[in-house]
Structure formats: C-alpha cells, structure tokens
Amino acid sequence: MSNVDKTIGLPMAMLAELTHRCPLQCPYCSNPLELEKADSELNTEQWIDVMRQARDMGILQIHFSGGEPALRKDLEDLVKAATDLNLYSNLITSGVNLDEERTQNLAERGLAHVQISIQDSDEQQSNKIGGHRNGHQLKLAAAKAVRKVGLPLTINAPVHRLNIDHLESIIDLAVELDAARLEVAHVQYYGWAYHNRAALMPKRSQLEWATKVVEKAREDLHGVLVIDYVVPDYYAKKPKACMGGWARQFLNVTPSGKVLPCHAAESITDLEFDRVTEKSLLEIWEHSEAFEKYRGVDWMPEICRNCERREIDWGGCRCQAFAITGDAANMDPACEFSEHHEYLVSLAEIDSAKEEILFDYRRMGAFDKSNVKVAGHSS
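The following paragraphs examine the structure supplied in this document. (Residues numbered from 1 in each chain as written. Predicted model: local features only at pLDDT ≥ 70, side-chain atom pairs only at ≥ 80, totals over all residues. Heavy atoms only, no water.)

1. Side note on the pairing of strand 5 (residues 153-159)
Taken residue by residue, a regular strand's side chains alternate between the two faces of the sheet. Quick note on the threshold: With a 1.4 Å probe rolled over the protein chains alone, any residue whose accessible area is under 20% of its type maximum counts as buried; one over 50% counts as exposed, and the rest are partly exposed. Segments assigned H or I by DSSP are reported as helices when at least four residues long, segments assigned E as strands when at least two residues long, and all are numbered from the N terminus. If DSSP finds at least two bridges between two strands, the strands pair. Convention used here: a crossover is right-handed provided that the path from the first strand, over the helix, to the second strand proceeds clockwise when the strands point away from the viewer.
Among the seven residues that make up strand 5, seven are buried, leaving the element largely enclosed by the rest of the structure. The alternating pattern of strand 5 places Leu-153, Ile-155, Ala-157 and Val-159 on one face and Thr-154, Asn-156 and Pro-158 on the opposite face, and all of these are buried. Summarising the sheet, strand 4 (residues 113-117) and strand 5 pair through four bridges and their orientation is parallel. Counted as the bridge partner of Val-114 is Leu-153 from strand 5. Regarding topology, helix 6 (residues 167-176) serves as the crossover connection from strand 5 to the parallel strand 6 (residues 181-186), and that connection is right-handed.

Structure (structure tokens):
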C-alpha cells in the first residue's frame, strides 16, 4: 500500500464518473454544463488502473456513476475488477438501462449495492422532469430487479419545486420498492441546477413542510426505512461540511480522467484539475494545486479561521461561494455571518415566487430550451 501523507488524510471513497452520456435530461443534473463526449472517456484498462491506484492508497469504496454508468458496455468488467481489488462497489444509476438479466450479471460479479434515482412518484410528472417518455416504469422495474437478485437498494429522490408536494408519496414509493434507504436531497444549485435555479427553487414554506414530513416519516418508519435528508443551502444559516471538507475525505474522477475534490468542482472556472492519464492518483491527492487550494483551514478568511465550527464545516461549499460571489475563497453565503447571506436568501425568495418558468433540459451540446412551463405553487 502507498504511504499516504497522514497530515492530509485518506479518502475513503472514490466517485468514478464513467460517462456523461445519459438517457435522462434532468434540469438539475450535477454534471458540468460542458459535458464530456464518449470519445474522451477512459477505456476499460485505464479505469481498472485507476481503481488499482485507489486500492493502493487505501480507498475502500468505489461508486460507479455518470451520467448513466450502465451505458458503458464494460460495466460488468469494471465491477468484476473492483471485486478482485476488494473494493466495495456501489452503482448509482437512473435504472433506465438496468433490466433483470443485467442486474443479475452485475450481482454475480460482486456488485454490493445499487442506488436508483427517481424524479417523482407521479409517472407523468416523473417522465416530464427526466425528459424520458417511459423512464418512470423502467426505473420501477429496475428497482424491483435489484431486490429480486438480493442486492440492497437506496432510492435517491432529488427534491425541488416540481415534485416537493409529492414527498409523502415518494416516501411511500420507496417503502413499496423495499428500499433500505431513501435520500431526500433538496437540489443543490451548481452546474445545470444553478442554470435552472428559478424553475427549481421551492418556497420556504414548502421546505418547512417537507422537513416535517421527513421527521414524521423517520419516526413512523423506524426500522423499516432509513431516510437521509439534505436541505437547500439557500435557506440555511450554517454551511454544511461539503464532502467532509475540500479534498479531505473524497475524490471524483471524471469520464476523461480529471480528478476533482468534489463532483461540482469544475464549476469553479479559475481552477485547473490534473488527470490520471498524466499523474498518479496519489500524487494528485497529495500535491495537486487545486486540491491544496482550499484544504484545511489556512486558506479561510479570518472570521472563519476563528470560528468554532472551522473544523466542523471546513468553510462550507467552495462551489457555492464561487457561484454567488465570484470568488471561491469567500465565506460560504449559506453562513449567516457572510456579507452575502441575505443576498443568497433573497435569490431563493425571488426565484420561488415566480409563477411560470421555462427550464433547459440537460443535453449534450448546446442548451436547448425545453419549453416546459413550471407552474408556481401557492403553499
């Protein structure tokens, strides 16, 4: 095993974005606005080498993601390689390209867990949000296949103004699908979600209602369903420890081999990221300029360095600081002590009050206006 610098720490997990290709077109997609084409993707041997390097660093988990990882014809080979390297493998998928036969094949090769995203509990609304005419039924079939072959299932439910009023039925659907865990994550506004923020931002009253729904469901479904809950930063008073702190616990490899400290880091346009095709994963983790830029506490503004939460939230989200203030080194505007906090809250209030919004679907190439109208909510 490589001698990882103990002063920096050890990443426990690696997100492997195998491709940016996807059958869905969700307007809140976490991928960057400029999507990587298929001909730029790492090949099978390169991905296996990256996993081997990760194992040698002491990484324990690999999360296969995208886009849609099931669009990779070598997914089974990559899962088998992860198993041979004693890595816990998790598949993060839309489920649209995952039938029972392929699920069984992946399970036989050692896949340990599956996460399937759903857009809504309502079929028509789900298909409209995802931009796929029968995506909802394909997702349900995939979730049932996962449980049929004996794999544990997590349902990921990104929440926003288009589906938040259906949260109770989304929770019921997760129980019906025999999921062990449900992640109710209010959309975080980077990348495509930032571009479509006005179409996605819920009202504060909707957030408060959703929080009560989750709290009650956690009590009612104790021992049946674990519910993780992520609130939108725009309505928060304290920043979250994004990814456990910049370049502290997590790394992400993009389809073309760029290594990021978080999946949204490319939204910080004045940073350059090294590639595993040019440097080793360990070298990037320990010495990459982008990783060192906001690691630890020395980079923080003085008020943050003196805050008792400095090693709890690690300064919050750099991507959000850049998106709102134009400087990733500024305080996270989610913090109530930030000079930009009231501006952040006002953005949420203005966006959520709009009654009819168009959003752009997430598509390869240039933006394509969807002409989907989003009705405002009165709650």
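Anyway, onward from the coordinates.
2. A word on the pattern of salt bridges
What counts, and what does not: We define a salt bridge as a side-chain nitrogen of Lys or Arg found within 4 Å of a carboxyl oxygen belonging to Asp or Glu.
Overall, the coordinates contain 19 salt bridges when judged by the stated rule. Note that Asp-49 is salt-bridged to Arg-52, the shortest N-O span being 3.8 Å. Here Asp-49 and its partner Arg-52 are both found in helix 1 (residues 44-57), three residues apart, which amounts to about one turn of the helix. Residue Arg-52 is classed as partly exposed on the basis of its relative accessible area, which comes to 37%.

3. Notes on the environment of Arg-309
Let me state the cut-off plainly: Contacts described as polar in this section are N or O atom pairs within 3.5 Å, which, within protein, must combine one atom able to donate a hydrogen with one able to accept it, while residues neighboring in sequence count only if both atoms come from side chains.
Structurally, Arg-309 is set in the loop between helix 12 (302-305) and helix 13 (318-325). The sequence separation of Arg-309 and Pro-23 amounts to 286 residues, and the corresponding C-alpha distance is 41 Å. Within the local environment of Arg-309, its side chain forms a polar contact with the backbone oxygen of Pro-239, the two atoms lying 3.5 Å apart.

4. Focus: the side chain of Asp-74
For Asp-74, the location among the structural elements is in the loop between strand 2 (61-65) and helix 2 (75-84). The class of Asp-74 is buried, set by a relative accessible area of 8%. In this structure the side chain of Asp-74 is engaged in a polar contact, spanning 2.5 Å, whose partner is the side chain of Thr-44.

5. Quick word on the sheet that holds strand 2
Backbone-to-backbone hydrogen bonds pair the strands of a sheet. The strands run either parallel or antiparallel. This is how it is decided: In this analysis, two residues are considered to be in contact whenever any of their non-hydrogen atoms come within 4.5 Å of each other. A fitted line through C-alpha atoms serves as each axis, taken over the contacting stretch for helices, and the angle formed by two N-to-C directions is quoted from 0 to 180°.
One open sheet holds the nine strands; their spatial order is 7-6-5-4-3-2-1-8-9, and the pairing between them is mixed. The sheet terminates laterally at strand 7 (226-230) and strand 9 (259-260), the two strands that pair on one side only. When strand 1 (residues 13-17) meets strand 8 (residues 250-253), the two strands line up parallel, connected through four bridges. Along strand 8, the bridge assignment pairs Ala-13 with Phe-250. Where helix 1 meets the sheet, it contacts strand 1, strand 2 and strand 8, and its direction lies at approximately 170° from that of strand 1. Strand contacts of helix 5 (residues 135-148): strand 4 and strand 5, with the helix running at about 165° to strand 4, the strand carrying the most contacts.

6. So, the packing of helix 1 against helix 2
The following threshold applies: We call two directions roughly parallel when the angle between them is under 35 degrees, roughly antiparallel when it is over 145, roughly perpendicular when it lies between 65 and 115, and oblique otherwise. By convention, the crossing between two helices is left-handed when the near helix turns anticlockwise from the far helix through less than a right angle, and right-handed when the turn is clockwise. When residues are sorted by character, Ala, Val, Leu, Ile, Met, Phe, Trp, Tyr, Cys and Pro go into the nonpolar class, Asp, Glu, Lys and Arg into the charged class, and all the rest, Gly among them, into the polar class.
Where helix 1 meets helix 2, the axes come as close as 10 Å, and the angle between the chain directions of the two elements is 25°. Between helix 1 and helix 2, the angle falls in the class roughly parallel. In terms of crossing hand, the pair formed by helix 1 and helix 2 is right-handed. On helix 2, the residues touching Thr-44, Trp-47, Ile-48 and Met-51 of helix 1 are Asp-77, Leu-78, Ala-81 and Ala-82. Looking at the contact of helix 1 with helix 2 residue by residue, the class counts come to six nonpolar, one polar and one charged.

7. Regarding the layout of surface pockets
Convention followed: A pocket, in this scheme, is an open set of points on a 1 Å grid over the protein atoms alone with protein on both sides within 12 Å along at least 5 of 7 lines, while a cavity is a set where a 1.4 Å probe fits but cannot get out; residues line either one if an atom lies within 4 Å of a point. Grid points are joined across faces, edges and corners, and a volume is the space filled by probe spheres set on the points.
By volume, the second largest pocket is sized at about 440 Å³. Elements with a minimum of two residues in the lining of the second largest pocket: helix 7 (191-195) and helix 13. Of the residues assigned to the lining of the second largest pocket, the class counts are 13 nonpolar, seven polar and four charged.

Purely geometric stuff here, so don't read any function into it on its own.
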